[in-house]
Amino acid sequence: MLTIKDLHAGVEDKEILKGINLEVKPGEVHAIMGPNGSGKSTLASVIAGKEDFEITKGSINFEGEDLEEVSPEERAHKGIFLSFQYPVEIPGVSVTNFMKTAINESRKARGMDDMPANEMLKLIREKSELLDIDRKFLSRSLNEGFSGGEKKRNEIFQMAMLEPKLAILDETDSGLDIDALRIVANGVNKLKSKDNAVIVITHYQRLLEYIIPDFVHVIHDGKIVKSGTKELALELEDKGYDWLKKETVA
Amino acid sequence: MDLKEKLVSSFMAFENYVDVEHPIHDIRTEAIKNFEAKGFPSKKEEAWKYTSLNSILKTDFSIFPKEENALEYHQVKKYFLHEIDTYKIVFIDGIYSSYLSETTHDGVDICLMSSALTKPMYKQVIDVYFNKAASREESLTTLNTAFSREGAYIYIPKNKAPKKPVEIIHFATGNEASLMLQPRNLIIVEENAELQVIERHQSLTHNPVLTNCVTEIFAAQSAIVDYYKVQNDSEDATLIDNTYIAQKDKSSVNVHTFSFGGKLTRNNLNFYQHGEHIESTLKGVTILGEKQHVDHHTLVHHTQPNCESHQDYKGIFGERSTGVFNGKIIVDKIAQKTNAFQQNNNVLISDQATINTKPQLEIFADDVKCSHGCTIGQLDEDALFYLQSRGIPRKEATALLMYAFANNVLESVRLPELKKRINKLIANKLGVRLGFDL
């Protein structure tokens with residue numbers, strides 16, 4: 001589904017990703033862990049198509065297509081979703097109107113008509129229940145005045161609405177208390193299927209107790225320095241990142 | 001002959017059309033003298049520093065349209081708020097169109113300035129109000145006063161409210177190669193009465209039109225007036241809009257100005273508070289492209305204690321368009337407990353667009369709350385990426401952010417059909433289709 005080969009990317013003269021290789025297949029959950037500043041969030045943004053980052057070498061391939069010339073919205077239409085670490089506040093546009101616009105734009109890109117209003121309402125109801133979201137919440141301006149937890153839950157609600165093939169969760173666990181974490185993780189698990197894949201980017205092992213990864217990768221200084229199974233996350237939690245840093249140097 | 005000379009010498013010809021014995025004519029005569037002495041404003045004047053009329057004044061405008069021009073309703077239907085029933089005062093090339101209008105004398109007077117200025121039954125009101133709020137110094141206002149003859153006249157007696165909003169629309173047909181129009185409106189809303197007005201100037205061709213309009217609004221105690229200016233004229237039209245509002249105790253006057261069209265638009269919006277517990281609201285959404293220019297000059301004069309004013313102007317400037325916002329607030333020494341707020345936010349979506357924004361506060365009282373803020377920025381790239389990553393194309397995402405930006409100005413529009421219409425105008429102006437109304 002997603003094949004990243006020798007990916008180098010950065011801003012201006014500063015290289016942040018220094019040769020990432022990653023293969024994600026349908027039905028898999030990958031966790032990417034690493035210390036602050038290692039390039040985790042940059043990788044997420046680059047996959048989603050943020051133009052601030054320039055790809056200097058290597059490639060990202062999604063379902064057989066090179067993504068280099070593909071705009072962020074087209075990537076979304078193809079089924080890539082990024083749950084933001086810091087979702088942006090958009091005053092004046094309600095969550096519902098935002099979702100209507102997003103869904104209908106994706107449909108338009110696929111040559112479909114707008115989703116009928118009653119179908120849209122049904123979908124919104126179903127998905128908001130899945131994430132235990134209050135209906136009143138949906139008429140509020142997008143992310144405006146939302147607590148950290150509400151923002152993250154709203155991200156996963158959007159993911160549920162858009163039903164992506166590949167979801168990248170960028171530090172979705174940060175700012176969440178344990179109850180909110182359970183709701184979010186539960187939502188992600190319910191959306192999982194053999195046809196879609198999830199990349200969980202996190203600093204801590206905590207979220208991985210709820211979303212069980214098939215693979216864990218550790219990123220350091222723009223490279224994946226170690227890959228393994230879920231046990232690797234536990235080991236990291238135990239020994240800390242310094243252990244790996246030392247190991248890499250050695 | 002330049003336009004000033006042409007206008008001054010036309011005044012004698014104009015006197016053939018009006019009753020020179022009427023006391024109003026003394027006001028006109030005094031006004032033309034003032035204009036003759038001052039002439040058109042130039043960029044040397046502080047108030048016109050960023051707006052030049054020079055190139056426009058080179059056009060040889062016709063001052064009196066030659067004949068009455070007719071329009072069929074279906075030709076101009078889209079310019080009316082036709083989704084709802086309204087009173088209509090319609091002018092074609094400056095001449096009243098009874099065919100397109102719907103006036104009334106049923107408990108309220110919604111009719112013509114030409115009647116009000118000539119018929120004895122209106123004389124008392126005219127004596128009290130005509131030219132009492134408008135400036136006798138400002139040259140363009142005095143130019144309008146000198147040639148004042150036609151426009152809208154609205155009188156709402158105590159405790160009355162018309163059954164429906166009033167639309168004042170001026171059409172220019174282009175039958176003249178170039179045309180100058182000087183409508184004069186007088187609106188009086190008596191104690192505890194209410195009124196909603198939508199004003200529009202619409203040129204139907206690319207022939208140049210210069211409109212120099214003066215509107216006087218008097219809001220008596222506890223009166224409520226909502227005034228909407230829809231400025232979406234053709235790209236060869238110039239509008240100088242001079243609005244003077246005098247308010248008494250507990251009255252509330254709200255003016256919304258939507259500026260999307262025209263070549264050059266200058267809005268001089270002046271509020272004078274003569275009483276306590278008055279509320280004045282001035283809101284504007286400006287969206288420009290090409291080489292369009294819009295200049296908002298506002299004045300709120302707080303002369304008594306315990307009053308409020310709220311100003312909120314949003315501007316979006318693309319291509320080589322230019323905008324000006326100059327917001328003047330005067331708080332007299334006696335006007336304690338004044339709350340005066342002013343906000344002007346601008347987004348430049350092109351490197352070649354320009355905005356000049358200037359708050360001008362003159363506060364002589366010491367127990368007041370006055371705040372002002374102006375911002376000039378570009379669209380937030382992170383916000384755009386966020387919307388794009390949800391599948392919303394960049395163009396639509398841009399429009400959505402613009403919508404969000406203009407939203408709180410539209411929130412206070414109390415006519416839902418008008419709000420919808422403005423929504424559509426914004427979407428059209430931004431060149432997008434939006435799947436919802438705000």
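As the structure is a prediction and not an experimental result, all values here were calculated from the model.

Analysis parameters
Residue indices follow the written sequence of each chain, beginning from 1 at its first position. To label them, take the chains in the order written and letter them from A, then take the ligands in the order written and number them from 1. It should be noted that, the model being predicted, local features are given only for residues of pLDDT at least 70 and side-chain atom pairs only at 80 or more, the latter also being counted only at that level, while totals for whole chains, interfaces and linings use all residues. With hydrogens and water stripped out, all remaining heavy atoms of the structure feed into the side-chain values. Runs of E in the DSSP output that reach at least two residues are strands. Runs of H or I that reach at least four are helices, and both are numbered from the N terminus. Both definitions apply: the radius of gyration is a C-alpha atom measure, and the globule rule equals 2.2 Å times residues to the power 0.38. When a residue's accessible area, from a 1.4 Å probe over protein chains only, is under 20% of the maximum for its type it is buried; when over 50% it is exposed; and in between it is partly exposed. Residues count as neighbours in contact if any of their non-hydrogen atoms are within 4.5 Å of one another. Only the protein chains shown count as covering a residue, and every accessible area follows the Shrake-Rupley method with a 1.4 Å probe. We define a nonpolar core as any set of buried Ala, Val, Leu, Ile, Met, Phe, Trp, Tyr and Cys residues linked to one another through side-chain atoms lying within 4.5 Å. Here the limits of each domain have been adopted from an automatic or database domain assignment. Note: buried area is the sum, over both parts, of the accessible area (probe 1.4 Å) each one loses when the two are combined. A pairing counts as a salt bridge when a side-chain nitrogen of Lys or Arg comes within 4 Å of a carboxyl oxygen of Asp or Glu. Definition of a polar contact: a pair of N or O atoms within 3.5 Å, with one able to donate and the other able to accept a hydrogen when the atoms are protein atoms, and with sequence-neighbouring residues admitted only if both atoms are side-chain atoms. We call Asp, Glu, Lys and Arg charged. Ala, Val, Leu, Ile, Met, Phe, Trp, Tyr, Cys and Pro are nonpolar, and the rest, Gly among them, are polar. Here the expected length of a helix is defined as 1.5 Å per residue gap, with one fewer gap than residues. The axes used here are C-alpha line fits, helices contributing only the stretch in contact, and every angle between their N-to-C directions lies in the interval 0 to 180 degrees. Roughly parallel covers angles under 35 degrees, roughly antiparallel covers those over 145, roughly perpendicular covers 65 to 115, and oblique covers all other angles. For any helix crossing, the convention is left-handed if the near helix is rotated counterclockwise from the far helix by under a right angle, and right-handed if that rotation is clockwise. Two strands qualify as a pair provided DSSP detects at least 2 bridges between them. UniProt positions are given in the numbering used here, feature names are shortened, and annotations may be inferred rather than shown by experiment.

Attention now goes to the overall build of chain A. A tally of regular secondary structure across chain A gives nine helices and 12 strands. For 250 residues, the compact-globule estimate of 2.2 N^0.38 gives 18 Å, and the C-alpha radius of gyration of chain A, at 18 Å, lies within 12% of that figure. Relative to its 250 residues, chain A shows a buried fraction of 55%. Across chain A, contacts joining residues at least 24 apart in sequence account for 69% of those joining residues at least 6 apart. Just so you have it, chain A exposes about 11400 Å², and 47% of that area is on carbon and sulfur atoms.

Once that is clear, we can look at unusual backbone geometry. Most peptide bonds take the trans form, and the phi angle of most residues other than glycine is negative. Residues and elements named next belong to chain A. A positive phi is found at Glu 12, a non-glycine position, where the angle reads about 45°. Mapped onto the elements, Glu 12 comes out in the loop between strand S1 (2-11) and strand S2 (14-24). In this structure Glu 12 comes out as exposed when scored by relative accessible area, which is 79%.

Our focus in this paragraph is the nonpolar core. Proteins that are soluble and globular tend to have nonpolar side chains buried together. Counting 117 residues, the largest nonpolar core has Ile 199 of chain A together with Ile 426 of chain B as the members making the most contacts within it. Looking at this core element by element, the count peaks at 11 residues for helix H9 (residues 394-410) of chain B. With residues up to four places along the chain from it excluded, the contact list for Ile 199 of chain A reads Leu 2, Leu 22, Val 24, His 30, Ile 32, Ile 47, Leu 166, Ala 167, Ile 168 and Leu 169 of chain A. Residues Ile 89, Ile 110, Ile 217 and Ala 223 of chain B belong to the second largest nonpolar core, which totals 30 residues.

All right, on to the domain arrangement of chain B then. Residue and element names in this part refer to chain B. Domains assigned within chain B are domain 1 (1-184 + 201-212 + 236-242) and domain 2 (385-438). Computed from C-alpha coordinates alone, the two centres of domain 1 and domain 2 are separated by 33 Å. Where domain 1 abuts domain 2, roughly 460 Å² becomes buried across the two surfaces, and 61% of that area is made up of carbon and sulfur atoms. The largest contributions to the domain 1 side of the interface with domain 2 come from Leu 81, Glu 83 and Ile 84, which together make up 74% of the buried area. For the pair domain 1 and domain 2, the interface holds one salt bridge. Of the charged contacts, one joins Glu 83 and Arg 421 as a salt bridge, the two residues approaching to 3.2 Å between their closest N and O atoms. The tally of links from domain 1 across to domain 2 stands at three residue pairs in polar contact (both at pLDDT 80 or more). Each residue belonging to the side of domain 1 that touches domain 2 can be placed in one class, and the counts come to four nonpolar, one polar and two charged.

On the chain A side, the residues contacting the 22 residues of chain B number 32 residues. The interface formed by chain B and chain A holds two salt bridges in total. Where chain B packs against chain A, one counts 10 residue pairs in polar contact (both at pLDDT 80 or more). For the side of chain B that touches chain A, the secondary-structure elements that each account for two or more residues are helix H8 (381-388) and H9 of chain B.

For the rest of this paragraph, the subject is helix H2 (residues 24-38) of chain B. All names here are of chain B. Across its 15 residues, H2 extends 21 Å between first and last C-alpha, which sits within 8% of the 21 Å expected from 1.5 Å per residue. Tucked into the core, H2 has its buried residues touching helix H1 (3-14), helix H5 (113-118), helix H6 (123-129) and helix H7 (139-146). Phi for Gly 39, located one or two positions after H2, is positive at around 70°.

What follows deals with the packing of helix H4 (residues 117-130) of chain A against helix H6 (residues 148-162) of chain A. Helix packing geometry: the angle between the two helix axes and the distance between the axes. All names here are of chain A. It is the contact of H4 with H6, at a shortest axis distance of 9 Å, that shows an interaxial angle of 135°. As judged from the angle between their axes, H4 and H6 are oblique. Crossing hand, H4 versus H6: right-handed. Residues Leu 123, Ile 124, Lys 127, Ser 128 and Leu 130 of H4 form the contact with H6, whose own contacting residues are Phe 157, Ala 160 and Met 161. When the residues that make up the contact of H4 with H6 are grouped by side-chain class, the tally is six nonpolar, one polar and one charged.

Okay, the sheet that holds strand S14 (residues 279-288) of chain B next. All names here are of chain B. In space, the 10 strands of this open sheet follow the order S2-S1-S5-S8-S10-S12-S14-S16-S18-S20, with mixed pairing throughout. If you trace the sheet from one side to the other, it starts and ends with strand S2 (95-96) and strand S20 (369-377), each paired once. Here seven bridges tie strand S8 (residues 194-203) to strand S10 (residues 224-231), and the two strands are oriented parallel to one another. Within the sheet, the bridge partner assigned to Arg 200 lies in S10 and is Val 230.

Further remarks concern the environment of Ala 31 of chain B. Residues and elements named next belong to chain B. Note that Ala 31 resides in helix H2. Sequence spacing of Ala 31 and Phe 147 is 116 residues, and the spatial spacing of their C-alpha atoms is 8.9 Å. Apart from residues lying up to four places away in sequence, Ala 31 is in contact with Thr 142, Thr 145 and Ala 146.

Evaluated as defined, the whole model comprises 32 salt bridges over all chains. Here Glu 46 of chain B and Lys 358 of chain B are joined by a salt bridge, their closest N and O atoms 3.0 Å apart. Here Glu 46 of chain B is found in the loop between H2 and helix H3 (54-57), whereas its partner Lys 358 of chain B is found in strand S19 (residues 354-363), with 312 residues between them in sequence. You can call Glu 46 of chain B exposed: its relative accessible area is 52%. Look at Lys 358 of chain B and you get partly exposed, because its relative accessible area is 29%. The shortest N-O distance in the salt bridge between Asp 85 of chain B and Lys 164 of chain B comes to 3.1 Å. Highlighted residues: Asp 85 of chain B in the loop between helix H4 (73-76) and strand S1 (87-92) and Lys 164 of chain B in the loop between strand S4 (152-156) and strand S5 (166-172), separated in sequence by 79 residues. Judged by its relative accessible area of 48%, Asp 85 of chain B falls in the partly exposed class. Beyond isolated ion pairs, a larger network of salt bridges with shared partners links Lys 50 and Asp 52 of chain A together with Asp 382 of chain B.

Okay, the sheet that holds strand S4 (residues 54-62) of chain A next. All names here are of chain A. Across the sheet, four strands lie side by side as S2-S1-S4-S5; this open sheet has antiparallel pairing. Looking at strand neighbours, the two that pair on one side only are S2 and strand S5 (65-66), the edges of this open sheet. The sheet contact formed by S4 and S5 spans two bridges and is antiparallel. The residue of S5 that forms the bridge with Phe 62 is Glu 65. Its contacts with the sheet put helix H1 (residues 40-48) on S1, S2 and S4, and the angle it makes with S1 is roughly 110°.

Our focus in this paragraph is the UniProt feature "domain: SUF system FeS cluster assembly SufBD N-terminal" (unreviewed entry) in chain B. Feature annotation in UniProt assigns "domain: SUF system FeS cluster assembly SufBD N-terminal" (unreviewed entry) to the following positions: residues 21-168 of chain B. Summarising residues 21-168 of chain B: 30% helix, 14% strand, and an end-to-end C-alpha distance of 29 Å.

Moving on, we get to the pairing of strand S17 (residues 322-331) of chain B. Residues and elements named next belong to chain B. Most of S17 is tucked away: eight of the 10 residues are buried. By the bridge criterion, 10 bridges tie strand S15 (residues 293-302) to S17 in an arrangement that is parallel. Across the sheet, the residue bridging to His 297 is Asn 326, located in S17. Bridge count between S17 and S19: 10 bridges; the pairing is parallel. Bridge assignment links Val 331 to a residue of S19, and that residue is Ile 363.

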